[in-house]
Structures are given as C-alpha cells and as structure tokens.
Amino acid sequence: MKEDQLGSLPEGEYYFHEIIGCTVVLADQQEIGVIKEILTPGANDVWVVKAKGGKEILIPYIEDIVLSVNVQEKKVIIQPMEGLLE
C-alpha cells in the first residue's frame, strides 16, 4: 500500500514504518540507538533499539517512558525507567 493511501491514525499512534529507523535519544539529547524492529507481545508494543555498541535494548512504548515521537525528524525522546538501559 502506498503512503498516500494510508489513513490517519489517532494521536499517539504510528505505523510501524514510521517508527522503524527513528533515532532514540534521552531528554538530554544523548543518543541511545536506532529502532530496528517492533514487537507486539500484548498490552503495549516494544521497540527493539540497536544501540551504538551493537547491543539490543527493548523499550516499551508506554507514556511514562516515551516522551515524544517526531516521525518527520525520525527522532524519539525517552525517559527510561531505572535499569532499562543496563
């Protein structure tokens, strides 16, 4: 399906192709990595982020963690809960 054929989504919802490839940064602009995959295990999606060192970090798509998503700039700002980035 072509991009212009996709319907608009409610605020806070995105198509997978809009999220995959986004750069994930902390609120202080420290870069974490790039979203390479989205898992849909149940209550909320989980974004698989490939970190700079090659490590994979799982980021749950929940309001407490994901502060903003800008699909035009391909940038996601997160505030990770304790232990998430370890």
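Here, every reference points to the structure presented above.
Residues numbered from 1 in each chain as written. Predicted model: local features only at pLDDT ≥ 70, side-chain atom pairs only at ≥ 80, totals over all residues. Heavy atoms only, no water.

Description of the overall build of the protein chain
Note the cut-off: Helix and strand definitions here come from DSSP, where helices need a minimum of 4 consecutive H or I residues and strands a minimum of 2 consecutive E residues; each element is numbered from the N-terminal end. Between the two quantities, the radius of gyration covers C-alpha atoms and the globule rule is 2.2 Å times the number of residues to the power 0.38. The classification of residues rests on relative accessible area computed with a 1.4 Å probe and restricted to protein chains. Under 20% of the type maximum is buried, over 50% is exposed, and intermediate values are partly exposed. Residue contacts are counted whenever heavy atoms from the two residues lie within 4.5 Å of one another. Surface exposure here means Shrake-Rupley accessible area, sampled with a 1.4 Å probe, where a residue is shielded only by the protein chains that are shown. In this count, Lys and Arg are taken as positive residues and Asp and Glu as negative ones, while His and the chain termini are left out. The location of each charge is read from NZ of Lys, CZ of Arg, CG of Asp or CD of Glu.
Scanning the protein chain from N- to C-terminus turns up 1 helix and 6 strands. Taken over the C-alpha trace, the protein chain has a radius of gyration of 13 Å; the compact-globule value for 86 residues is 12 Å, and the two agree within 12%. Along the three orthogonal principal directions, the C-alpha set of the protein chain runs to about 40 × 25 × 20 Å. Taking all 86 residues of the protein chain together, the buried fraction comes to 30%. Within the protein chain, contacts between residues at least 6 apart in sequence are counted, and of these 32% link residues at least 24 apart. Surface summary for the protein chain: the accessible area is close to 5700 Å², and the carbon and sulfur share equals 49%. Considering the protein chain, the positive charge centre built from 7 side chains and the negative charge centre built from 15 side chains are found 10 Å apart.

Overview of the environment of Ile65
For Ile65, the position within the fold is in the loop between strand E4 (56-60) and strand E5 (66-70). Taking relative accessible area as the criterion, Ile65 reaches 1% and is therefore assigned buried. For the pair Ile65 and Ala43, spaced 22 residues apart in sequence, the C-alpha to C-alpha distance is 15 Å. Beyond its immediate chain neighbours, meaning those up to four positions away, Ile65 contacts Ile59, Pro60, Ile77, Ile78, Gln79, Pro80, Met81 and Leu84.

Description of the nonpolar core
To be explicit about the condition: We define a nonpolar core as any set of buried Ala, Val, Leu, Ile, Met, Phe, Trp, Tyr and Cys residues linked to one another through side-chain atoms lying within 4.5 Å.
Ile35, Trp47, Ile59, Val66, Val76 and Ile78 are the most contacted members of the largest nonpolar core, which totals 19 residues. Broken down by secondary-structure element, the contributors of at least two residues to this core are strand E1 (23-26), strand E2 (31-39), strand E3 (46-51), E4, E5 and strand E6 (75-78). The contact partners of Val66, leaving out residues within four places of it in the chain, are Trp47, Ile59, Pro60, Tyr61, Val76, Ile77 and Ile78.

What about the packing of aromatic side chains?
Heads up, the condition is: Any Phe, Tyr or Trp ring, taking Trp's six-membered ring, that has another such ring centre within 6.5 Å forms a pair; planes under 30 degrees apart are called stacked, those over 60 apart edge-to-face, and the others tilted.
Overall, the coordinates contain 1 aromatic pair when judged by the stated rule. Judged by centre distance (4.7 Å) and plane angle (15°), the rings of Trp47 and Tyr61 are stacked. You can see Trp47 sitting in strand E3 and its partner Tyr61 sitting in the loop between E4 and E5, a full 14 residues away along the chain. Residue class for Tyr61 comes out partly exposed when judged on its relative accessible area of 24%.

As for the pattern of salt bridges
The condition that has to hold: Every case where a carboxyl oxygen of Asp or Glu lies within 4 Å of a side-chain nitrogen of Lys or Arg is listed as a salt bridge.
By the definition in use, this model includes 1 salt bridge. Between Lys36 and Glu56 there is a salt bridge, with the nearest N and O atoms lying 2.6 Å from each other. Placement of the pair is Lys36 in strand E2 and Glu56 in strand E4, with a sequence separation of 20 residues.

Regarding the pairing of E1
The test is simple: If DSSP finds at least two bridges between two strands, the strands pair.
Where E1 meets E2, 3 bridges bridge the pair, whose relative direction is antiparallel. The residue bridging Val24 from the neighbouring strand is Gly33, located in E2. The turn linking E1 back onto E2 is made up of 4 residues, and Gln29 within it adopts a positive phi angle of 75°.

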